[in-house]
Amino acid sequence: MSDTDHPSAAASPSDIADDVDEAALARVLRVVPLGAAVVAGTTVALLVIGYLAIYLLIFLPRGAVG
Amino acid sequence: MTDQPAATHERRILGTELLWAFGVGVLVAAVLGMIVFTALTIDINPPSNVERIDPKTLHLSGEFAEQNLGTTVGADGRVTVRAIATQFMFVPHCIAVPQERLVTLRFTTPDVIHGLLITGTNVNTMVVPGFVAQVYTTFTRTGDLLMPCHEYCGLGHSDMWATVQVMPDSDFKPDRDGRVSCAQR
């Protein structure tokens, strides 16, 4: 690929963005929220499980304080 | 697979975000609900005593004068511990408390901000000059518990610790002044 094939302000041909297939992008974006929800949901679930374990198994058995 | 219009994608993403926001809302409500529930049912609260004291004169007279420090059992049977956190020690260095009785712990400092926790318990408070930190709790197990300063207070911070000696109620015998000291071992 020569510089003249892709008129662009980019200094190097490797910095020029590829053409976007809008249809393919739409297909991918349809699935992305589900994947993000699974990753974020798993992360938050682990955090909540850790919090509950410390709260219920360590903090509460230590008794009242105030 | 037919491509859906952009507006449909937007709605799907918005729906996911709203579902996530709802889930987070439920979690926050559940955690706050647990905190309120335990506060109301088993009396677990953050220490919230606000009581002022002059840090320049607290050692001269009053409840934090040297002769009043340590563990005291009042005429009504209430157990109160008074201690001073100072660079770089707790006075007294050993605190005797009974098992399975409500104990009121009162701390103050004449110099800088300190903090303390008692290992294996929920006792955890800051000790700020000009204020009396008060925590009450019931110690459930006998033994010696470490009470370190947990707020950096200077070069000797790591040497600042005390011992809380939890003794069976049968061994917790106040003298005629109502005072109890750690057992010598």
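Asks: Before we go on, may I ask you to explain the overall build of chain B in this structure?
Replies: Secondary structure assignment for chain B yields one helix and 11 strands. Each helix and strand of chain B, placed in order from N terminus to C terminus, yields the pattern α-β-β-β-β-β-β-β-β-β-β-β. Its C-alpha radius of gyration of 24 Å places chain B more than 25% over the 16 Å reference for a compact globule of 185 residues. In terms of its C-alpha atoms, chain B occupies a principal-axis envelope of roughly 90 × 40 × 30 Å. Burial status across chain B gives 22% buried among its 185 residues.

Asks: Would you mind showing me how to read the packing of helix H1 (residues 22–59) of chain A against helix H1 (residues 6–41) of chain B here?
Replies: Close contact between H1 of chain A and H1 of chain B brings their axes to 10 Å; oriented N to C, the two are set at 5°. Considering the angle they form, H1 of chain A stands roughly parallel to H1 of chain B. For the pair formed by H1 of chain A and H1 of chain B, the contact residues are Ala26, Leu29, Arg30, Pro33, Ala37 and Val48 of chain A on the first element and His9, Arg12, Ile13, Thr16, Trp20 and Leu27 of chain B on the second. In terms of residue class, the contact of H1 of chain A with H1 of chain B is made up of eight nonpolar, two polar and two charged.

Asks: Before we go on, may I ask you to explain the pairing of strand S2 (residues 79–86) of chain B in this structure?
Replies: Regular strands have side chains that alternate between both faces of the sheet. Residues and elements named next belong to chain B. Of all eight residues that make up S2, six are buried, and the element is covered over most of its length. As consecutive antiparallel partners, strand S1 (residues 70–73) and S2 are separated by five residues, and within that stretch Gly77 has a phi angle of approximately 90°, a positive value. Relative to strand S5 (residues 102–108), S2 is paired through six bridges, and the arrangement is parallel. The residue of S5 that forms the bridge with Arg82 is Arg106. Here S2 pairs with strand S3 (residues 89–91) via three bridges, running antiparallel. Each bridged residue has a counterpart across the sheet, and for Ala85 the counterpart in S3 is Phe90. Between S2 and S3, which pair antiparallel and follow one another directly, the connecting turn spans two residues.

Asks: Even after reading the chapter, I still don't get the nonpolar core, so can you show me in this structure?
Replies: Residue and element names in this part refer to chain B. Grouped together as the largest cluster of nonpolar side chains are 31 residues, with contacts concentrated most on Ala85 and Val97. Those elements that place two or more of their residues in this core are S2, strand S4 (94–98), S5, strand S8 (133–138), strand S9 (143–148) and strand S10 (161–167). Of the residues forming this core, the biggest block, five residues, is contributed by S2. Excluding anything up to four places from it in sequence, Val97 contacts Thr71, Val79, Val81, Val103, Phe139, Val164 and Val166.

Asks: What should I look at first to understand the sheet that holds S4 of chain B in this one?
Replies: Strands in a sheet are paired, the pairing made by backbone hydrogen bonds, and the direction either parallel or antiparallel. Residues and elements named next belong to chain B. Read from one edge of the open sheet, three strands run S4-S10-S9, paired in mixed fashion. Two strands lie at the open edges of the sheet, namely S4 and S9, each paired on one side alone. Each strand axis lies, on average, 25° off the axis of its neighbour in the sheet, ignoring direction.

Asks: Would you take a moment to explain the interface of chain A and chain B for this structure?
Replies: Accessible area lost on assembly of the parts is the figure often given for the size of an interface. Taken together, the contact between chain A and chain B spans 15 residues of the former and 23 residues of the latter. Split into classes, the residues belonging to the side of chain A that touches chain B amount to 10 nonpolar, two polar and three charged.

Asks: Can you help me understand the environment of Arg12 of chain B in this one?
Replies: As for its placement among the helices and strands, Arg12 of chain B is situated in helix H1. Judged by the 15 C-beta atoms lying within 10 Å of it, Arg12 of chain B is partly exposed.

Asks: I tried to follow H1 of chain A on my own but got confused; where do I start?
Replies: Working note: α-helix, 3.6 residues per turn, so residues spaced by three or four point in the same direction. Residue and element names in this part refer to chain A. Taking 1.5 Å per residue, 38 residues should reach 56 Å; H1 reaches 53 Å between its end C-alpha atoms and fits that length. Val31 marks the point of greatest bend in H1, at about 30°, and the proline Pro33 comes within the next four residues. Among the 38 residues that make up H1, zero are buried, leaving the element largely open to the surroundings.

Asks: What exactly am I supposed to notice about the pairing of strand S6 (residues 114–117) of chain B here?
Replies: All names here are of chain B. Of the two faces of S6, the one holding His114 and Leu116 is buried and the one holding Gly115 and Leu117 is not buried anywhere. Bridge count for S6 against strand S7 (residues 124–127) is four bridges, and the pairing is antiparallel. When the bridges of S7 are listed, His114 appears paired with Val127. Between S6 and the antiparallel strand that follows it, S7, lie six residues; Gly120 among them carries a positive phi value of about 80°.

What counts, and at which threshold
- Residues numbered from 1 in each chain as written.
- Chains lettered and ligands numbered in written order.
- Predicted model: local features only at pLDDT ≥ 70, side-chain atom pairs only at ≥ 80, totals over all residues.
- Helix = DSSP H or I, 4+ residues; strand = E, 2+ residues; numbered from the N terminus.
- Rg over C-alpha atoms; globule rule 2.2 N^0.38 Å.
- Buried ≥ 20, exposed ≤ 12 C-beta atoms within 10 Å, placed from the backbone.
- Axes fitted to C-alpha atoms, helices over the stretch in contact; angles between N-to-C directions.
- Parallel < 35°, antiparallel > 145°, perpendicular 65-115°, else oblique.
- Contact = placed C-beta atoms within 7 Å.
- Nonpolar A, V, L, I, M, F, W, Y, C, P; charged D, E, K, R; others polar.
- Pairing = 2+ DSSP bridges.
- Core = buried A, V, L, I, M, F, W, Y, C linked by C-beta atoms within 7 Å.
- Expected span 1.5 Å × (residues − 1).
- Bend = angle between axes of the 7 residues up to and from the residue.

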